[in-house]
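# Per-entry structural report
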Amino acid sequence: MKDQTADFFQRYAHDFDAIYGNKHSVFNALINKYLRTSMRLRYERSLAACQPIADKTVLDVGCGPGHYSLALARMGALHVTGIDFAPAMIQLANLKADSMQLNDSCEFTVADFFALDDTTHYDYSILMGFMDYMSDPLQTILKAVSITRHRAVFSFPSSTGILAWQRRLRYKKRCPLYLYSRKELIALFDQVPNVTYTIEPIARDFFVTVDILQ
Ligand SMILES: C[S@@+](CC[C@H](N)C(=O)[O-])C[C@H]1O[C@@H](n2cnc3c(N)ncnc32)[C@H](O)[C@@H]1O
């Protein structure tokens, strides 16, 4: 399962990056407007959630081509760690960091989230477009929360609506995909100790903000 997801994202890296605005891509021209809206909203909300950012550290889990990490580094984060198990994604992220001269504050590494050591903590954690591919969401959430000092943000794809059906079909040949209702998310996050959380519907996703109780 994990290999199938890693293989898919290794092949998909350039097309995925194109969603963010490579004008020459055919994929970019065809991509669904609703998907773009959702991606824009979760991007804006993630950056807003990581405030204040000065002198803070961030973990960007499944960072893909690094757009969130780079934006947070540019906004003044002390250090941003982006991890992704698809080397092609990390290569794209590193190229961007080079051209933006953000290598000092941004570090991109090929790594599996579940192999990450639990001893390093981050002020903020971002898991955007990541939970879609997690077979054990509770274990994933608990690990993210356990290494976060202040706040973790997650996106979850909604299981309802035309886009959900279209996506289920599209992913049949790609890799396993997991979609959620609000009720399922409440049931999940209610199991996480020592946090408060909010669930906000945004286009095709839910945006979940988890604050760690000090
Ligand atoms: C849809 S992309 C989202 C990229 C980025 N967060 C964004 O929203 O622009 C999901 C990424 O998660 C990565 N991923 C999935 N499972 C992972 C795991 N167990 N460890 C590390 N990366 C993983 C994939 O390789 C892929 O690049």
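In this text the structure is predicted, and so the values were computed from the model without any measurement.

Let's shift gears to the sheet that holds strand β3 (residues 106-110). The pairing of strands in a sheet comes from backbone hydrogen bonds and takes either a parallel or an antiparallel form. Pairing is mixed across the open sheet formed by seven strands, whose spatial order is β3-β2-β1-β4-β5-β7-β6. Among the strands making up the open sheet, the edge pair consists of β3 and β6 (195-202). Shown here is a sheet whose adjacent strand axes are inclined to one another by a mean of 15°, direction ignored. In this structure, strand β1 (residues 57-61) lies alongside strand β2 (residues 79-84), joined through five bridges in parallel fashion. Across the sheet, the residue bridging to Leu-59 is Thr-81, located in β2.

Below, the discussion takes up helix α5 (residues 87-99). Relative to the 18 Å expected for 13 residues at 1.5 Å per residue, α5 spans 18 Å between its end C-alpha atoms, a close match to the ideal helical length. Along α5, the residues classified as buried are Met-89, Ile-90, Leu-92, Ala-93 and Ala-97. What you see down the axis of α5 is that its buried residues fit within an arc of 160°, all on one side. Away from its buried face, by an angle of more than 90 degrees, α5 presents the exposed residues Asp-98 and Ser-99. Close packing links the buried residues of α5 with α1 (2-18), α4 (67-74), β2 and β3. Just downstream of α5, Gln-101 is the residue with a positive phi angle, here 55°.

Turning to the packing of α1 against α5, a few remarks are in order. In contact at an axis separation of 7 Å, α1 and α5 are set at 35° when each is read in the N-to-C sense. Contacts between α1 and α5 involve Phe-9, Gln-10, Ala-13 and Asp-17 from the former and Pro-87, Ala-88, Met-89 and Leu-92 from the latter. For the contact of α1 with α5, the class distribution of residues is six nonpolar, one polar and one charged.

We now examine the site of the ligand. For the ligand, the set of nearby residues contains 18 residues, the closest of which are Phe-9, Gly-62, Gly-64, Ala-86 and Gly-129. Elements supplying a minimum of two residues to the shell around the ligand: α1 and β2. In the shell around the ligand, the residues fall into 11 nonpolar, five polar and two charged.

Cut-offs and rules
- Residues numbered from 1 in each chain as written.
- Predicted model: local features only at pLDDT ≥ 70, side-chain atom pairs only at ≥ 80, totals over all residues.
- Pairing = 2+ DSSP bridges.
- Helix = DSSP H or I, 4+ residues; strand = E, 2+ residues; numbered from the N terminus.
- Axes fitted to C-alpha atoms, helices over the stretch in contact; angles between N-to-C directions.
- Expected span 1.5 Å × (residues − 1).
- Buried ≥ 20, exposed ≤ 12 C-beta atoms within 10 Å, placed from the backbone.
- Arc of directions from axis to C-beta.
- Contact = placed C-beta atoms within 7 Å.
- Nonpolar A, V, L, I, M, F, W, Y, C, P; charged D, E, K, R; others polar.
- Near = placed C-beta within 6 Å.

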